[in-house]
Amino acid sequence: MGAVRARRCLEYLLGFYFLSHIPITLFLDLQGLLPRELYPDQVRNLLKWYSAEFKDYLMEDRPVWFMSFLFCELVFQLPFFPIAAYAFFKGTCRWIRTPAIIYSVHTMTTLIPILTSFLLDDFSKTSRFKGQGPQTLSERLTLVSIYAPYLLIPLTLLLFMLRNPYYNHEDKRKKK
């Protein structure tokens, strides 16, 4: 009984993660990809404030490689979020295993260059960033901590799908 409760608890947490990711994606992440007219001034100002406050040059300048990640978020991840939220809130949806594994691996893969950029890129005034971006170790670690859940939660999801006996159960079918 304890294993079932633990599984359901993690499923609810994953359901909330996917549900909360819908407005974040729609209102913040996709601003650089979708027409500006879709967003009210308050939402555009929120992104501007965030970018300046946390020196997130990716959300401010949006390099081409980052735009490709946002395009994948729009086309592949955003449609998956409500499906995953439903599956994890409902709880008995073993069919979510393969899509969840694909999502988690894709998301973790996109976070590696993002976090590497935050930690290792040269953001000095003489670099291509012209002084935009995190300057101190503290600013870099703050940005990493903002993005880290999008690496750690998919990693948790991947391990959950691969290791939990409920989701890792193979149907035993009789061979004729």
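As a reminder, the structure under discussion sits directly above these lines.
Conventions adopted
- Residues numbered from 1 in each chain as written.
- Predicted model: local features only at pLDDT ≥ 70, side-chain atom pairs only at ≥ 80, totals over all residues.
- Heavy atoms only, no water.
- Helix = DSSP H or I, 4+ residues; strand = E, 2+ residues; numbered from the N terminus.
- Contact = heavy atoms within 4.5 Å.
- Salt bridge = Lys/Arg side-chain N within 4 Å of Asp/Glu carboxyl O.
- Buried < 20%, exposed > 50% of the residue type's maximum accessible area, 1.4 Å probe, protein only.
- Expected span 1.5 Å × (residues − 1).
- Arc of directions from axis to C-beta.
- Phe/Tyr/Trp six-rings, centres within 6.5 Å; stacked < 30°, edge-to-face > 60°.
- Lys NZ or Arg CZ within 6 Å of the ring centre and 35° of its normal.

### A few points about the side chain of R7
- On the secondary structure map, R7 appears in helix α1 (residues 2-27).
- Leave out the neighbours within four places in its chain, and R7 touches G91, F160, N164, Y166 and Y167.

### As for the pattern of salt bridges
- For the coordinates displayed, the defined rule picks out four salt bridges.
- A salt bridge links E11 to R7; the shortest N-O distance between them is 3.2 Å. Remark: R7 and E11 occur in helix α1; sequence separation between them is four residues, near one turn of the helix.
- We classify R7 as buried; its relative accessible area is 11%.
- Residues joined in a network through salt bridges with shared partners are R7, R8 and E11.

### Some points on helix α2 (residues 41-54)
- Its 14 residues give α2 an end-to-end C-alpha distance of 20 Å, which sits within 8% of 20 Å, the value for a rise of 1.5 Å per residue.
- The complete set of buried residues in α2 reads V43, R44, L47, Y50 and S51. Angular distribution of buried residues about the axis of α2 spans 125°; they occupy a single face of the element. Of the residues in α2, the exposed ones pointing more than 90 degrees away from the buried face are Q42, K48 and A52.
- Looking at the buried side of α2, the elements it contacts are α1, α3 (57-61) and α6 (137-147).
- Downstream of α2 by one or two residues, K55 has phi in the positive range, about 55°.

### Digging into the packing of aromatic side chains
- Under the counting rule described, the total for this entry stands at 19 aromatic pairs.
- With centroids separated by 4.9 Å and ring planes inclined at 65°, the aromatic side chains of F118 and Y147 adopt a geometry described as edge-to-face. You can see F118 sitting in helix α5 (residues 97-120) and its partner Y147 sitting in helix α6, a full 29 residues away along the chain.
- With relative accessibility at 0%, the residue F118 sits in the buried group.
- Residues F160 and Y167 carry aromatic rings whose centres are separated by 5.3 Å and whose planes lie at 65° to one another, so their mutual orientation is edge-to-face. Comparing F160 with Y167 shows no difference in burial state: the two are buried.
- Through successive ring pairs, a cluster of aromatic residues spans Y17, F18, F80, F81, F88, Y103 and Y150.
- If you follow R7 out to its NZ or CZ, it ends over the ring of Y166, 3.9 Å from the centre.
- In this structure, R94 packs its charged tip against the face of Y166, placed 4.0 Å from the ring centre.

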